Amino acid sequence: MSVRPHNLESWERKEYGQVAPALDELRRQREACPPAFAVSAAAVFALPDDEQSAVEAHVASCSMCRDLQADFERLEPVGIPARTEDRILEEVRKRAATKTRPAVFGWRLLVPASVAVVVLVVVGIAGNRHGRLPAPGAPSLPPVVVAAPAPPAAPAPRPQLDKPAVKLSMLALTWRGASDGRSFATDVAPALDAFRADRFDEAERALRVLAPHYPTSVEIPFYQGVSLLFLDRPADAIGPLRRASRLADELFAADAGWYLGVALQRAGHATEARTRFAALCRGAGAYARRACEEAR
Amino acid sequence: MQDGFEAAYRKHVDAVFRFALSCVRRRDVAEDLTSDAFLALFRNFDGIDESRLPGWLLAVVRNRARDRWRRQVIEQGYLQSLTPRPDVVRAESDGGLLASPGLKAIHRVCLRLRYVDELSRSEIASATGLSETQVKGHLQYSLRLLRAALQGQKP
């Protein structure tokens, strides 16, 4: 356990080098310490009982962790930026409104109308022989607002695996990440072609190769994870789907949450799967009903 | 109810956010916990005596933080890393290096997070509420001070 040279930023290499032995010794002494954020959490009794007891017992015998708690306490109070304050208030109101709307309106109310029109575009990749996508808004590809998959009528003994529609955000369609001017949509087209044609092995391989080049794309880990589920590799699907969940915008949030829940359930992580399903169940999204059934 | 809720939100949001940051040491998660707490307040606003605020909100944050910890323990095997190993626990350490005069609380926190917990600069910023530039400044100062202290010089 050490801050290896490649983890050091260029500005800190020189200074660190001169005190490295002392810092290495400090780190060696602290190998038994809980992570700093656990030490902080314990100070406000924010850990589950077992962990709280374990960390408290450690802190009682470790002056450095006691000092750390005191130092955290002494830090200048962090104010919440005005913009963040307004955003959270708006979010609370939206979430409150979502829950109280009649369920019959479903997921559409989660997406502001203006966003829905712009973002919810079904991409006809398979129909494009050259794998190139027309520019957003081109006459040959009118935007189509799609409904998310309808919840099934009957609960399945384990979550049934349905294939999600292929969709790309408008951001993805217009994103030009590579220096040669290739677009994200062009790069991802062959992989999504394979996905649409149920060639999941090919899709998964292609998406895995693309992933490092588009680290903030939600589409790549999402369709990679779902491909792995169809390949009956749920344990391998968890990582990509967790990434997709973290990156998901409104367009993908419910899909990513649902398929992550399915992967966890099928990989034997029933407790966390139930937690995921319970979160979806509390919302009014496309998977809410199925999630409620799975969360029971 | 809307006006009353917004007034309560504006009055308590700073304290709730600060408490949430103490619980999780991640700005983004602290914002989520703050949102969760005020959503709970919104839904129960008519039944809550305002004199119970912000304690009621802090209790929601604490409970949500605990739930999150439980999930993390399951997900990532954190329990093992949380439980001190008896053979290497030091009964009372001297804290020597970090006790160097001239280091303030913020410097010790940055040093510990960076070189013991091995967090990145952005993670330290998220944990402390500082900007990444401020974190860099504190680390530079701290390293210089430690070097000088080890060499018996002034920084």
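In this report, the structure presented in the accompanying data block is examined.

Analysis parameters
Residues numbered from 1 in each chain as written. Chains lettered and ligands numbered in written order. Predicted model: local features only at pLDDT ≥ 70, side-chain atom pairs only at ≥ 80, totals over all residues. Helix = DSSP H or I, 4+ residues; strand = E, 2+ residues; numbered from the N terminus. Contact = placed C-beta atoms within 7 Å. Buried ≥ 20, exposed ≤ 12 C-beta atoms within 10 Å, placed from the backbone. Core = buried A, V, L, I, M, F, W, Y, C linked by C-beta atoms within 7 Å. Axes fitted to C-alpha atoms, helices over the stretch in contact; angles between N-to-C directions. Parallel < 35°, antiparallel > 145°, perpendicular 65-115°, else oblique. Nonpolar A, V, L, I, M, F, W, Y, C, P; charged D, E, K, R; others polar. Left-handed = near helix turned anticlockwise from the far one by under 90°. Expected span 1.5 Å × (residues − 1). Arc of directions from axis to C-beta.

1. Let's talk about the overall build of chain A
Of the regular secondary structure elements, chain A holds 14 helices and 2 strands. A sequence separation of at least 24 residues applies to 56% of the contacts in chain A between residues at least 6 apart.

2. Some points on the overall build of chain B
From N to C terminus, chain B includes 7 helices and 0 strands. Secondary structure elements of chain B occur, N-terminal to C-terminal, as α-α-α-α-α-α-α. Scored against the burial criterion, the 155 residues of chain B give a buried share of 42%. Residue pairs in contact within chain B that sit at least 24 positions apart in sequence constitute 57% of those at least 6 positions apart.

3. Focus: the nonpolar core
The biggest cluster of nonpolar side chains holds 65 residues, and the ones touching the most others in it are Ala41 of chain A together with Val16, Ala20, Cys23, Val24, Ala37 and Val61 of chain B. Sequence-distant contacts of Ala41 of chain A, that is, excluding residues within four places in its chain, are made with Ala46 and Leu47 of chain A together with Cys23, Val24 and Ala65 of chain B. One finds Ala185, Ala189, Phe195 and Val262 of chain A within the second-largest nonpolar core, a separate group that totals 45 residues.

4. Concerning the packing of helix 2 (residues 36-43) of chain A against helix 1 (residues 2-24) of chain B
For the pair helix 2 of chain A and helix 1 of chain B, the least separation of the axes is 6 Å and the interaxial angle reads 130°. Relative to helix 1 of chain B, the element helix 2 of chain A lies oblique. Mapping the contact onto sequence places Phe37, Ser40, Ala41 and Ala43 of chain A in helix 2 of chain A and Ser22, Cys23 and Val24 of chain B in helix 1 of chain B. Here the contact of helix 2 of chain A with helix 1 of chain B is built from residues that sort into 5 nonpolar, 2 polar and no charged.

5. So, the packing of helix 5 (residues 105-116) of chain B against helix 6 (residues 121-128) of chain B
Residues and elements named next belong to chain B. Following both chains from N to C, one finds helix 5 and helix 6 inclined at 135°, their axes separated by 10 Å at the closest point. One element, helix 5, and the other, helix 6, form an angle in the oblique class. Regarding helix 5 and helix 6, the two cross each other, and that crossing is right-handed. Across the interface between the two elements, Val109, Cys110, Leu113 and Arg114 from helix 5 touch Ile124, Ala127 and Thr128 from helix 6. Among the residues forming the contact of helix 5 with helix 6, the class breakdown is 5 nonpolar, 1 polar and 1 charged.

6. Regarding the interface of chain B and chain A
Listed by partner, the interface residues are 65 residues for chain B and 58 residues for chain A. Of all the secondary-structure elements, those providing two or more residues to the side of chain B that touches chain A are helix 1, helix 2 (27-44), helix 3 (55-76), helix 4 (78-82), helix 5, helix 6 and helix 7 (132-150) of chain B. If you tally residues by element for the side of chain B that touches chain A, the top one is helix 1 of chain B, at 11 residues. In the side of chain B that touches chain A, the residues fall into 33 nonpolar, 10 polar and 22 charged.

7. Quick word on unusual backbone geometry
With the exception of glycine, most residues fall at negative phi, and the peptide bonds are largely trans. Residue Pro54 of chain B is reached from Leu53 of chain B by a cis peptide bond, and omega for that bond is 0°. Looking at the secondary structure, you find Pro54 of chain B in the loop between helix 2 and helix 3. For Asp232 of chain A, which is not a glycine, the phi torsion comes out positive at approximately 60°. The class of Asp232 of chain A is exposed, set by 11 C-beta atoms lying within 10 Å. The phi dihedral of Glu118 of chain B is positive, around 60°, even though this residue is not glycine. Locating Glu118 of chain B in the fold gives a position in the loop between helix 5 and helix 6.

8. Some remarks on the environment of Arg30 of chain A
Secondary-structure assignment places Arg30 of chain A in the loop between helix 1 (10-29) and helix 2. Once the C-alpha coordinates of Arg30 of chain A and Cys65 of chain A are considered, the two residues, 35 residues apart in sequence, prove to be 9.3 Å apart.

9. Here's the deal with helix 13 (residues 270-282) of chain A
For an α-helix, the turn length of 3.6 residues means that residues three or four places apart are oriented alike. Residue and element names in this part refer to chain A. Between its terminal C-alpha atoms helix 13 stretches 18 Å, which fits the 18 Å expected from 13 residues at 1.5 Å a residue. Within helix 13, the full set of buried residues consists of Ala273, Arg276, Phe277, Leu280 and Cys281. Looking straight down helix 13, one finds its buried side chains confined to an arc of 140°; they lie on one side. At its buried positions, helix 13 is contacted by helix 12 (253-266) and helix 14 (288-295).

10. Structural notes on helix 2 of chain A
Residue and element names in this part refer to chain A. Most of helix 2 sits inside the fold, with 8 of its 8 residues counted as buried. For helix 2, the complete set of buried residues consists of Ala36, Phe37, Ala38, Val39, Ser40, Ala41, Ala42 and Ala43. Phi turns positive, to about 55°, at Phe45, one or two residues after helix 2.

11. Notes on the environment of Pro164 of chain A
For Pro164 of chain A, the location among the structural elements is in the loop between strand 1 (121-122) and strand 2 (167-168). Spatially, the C-alpha atom of Pro164 of chain A lies 9.4 Å from that of Tyr259 of chain A, the residues being 95 residues apart in sequence.

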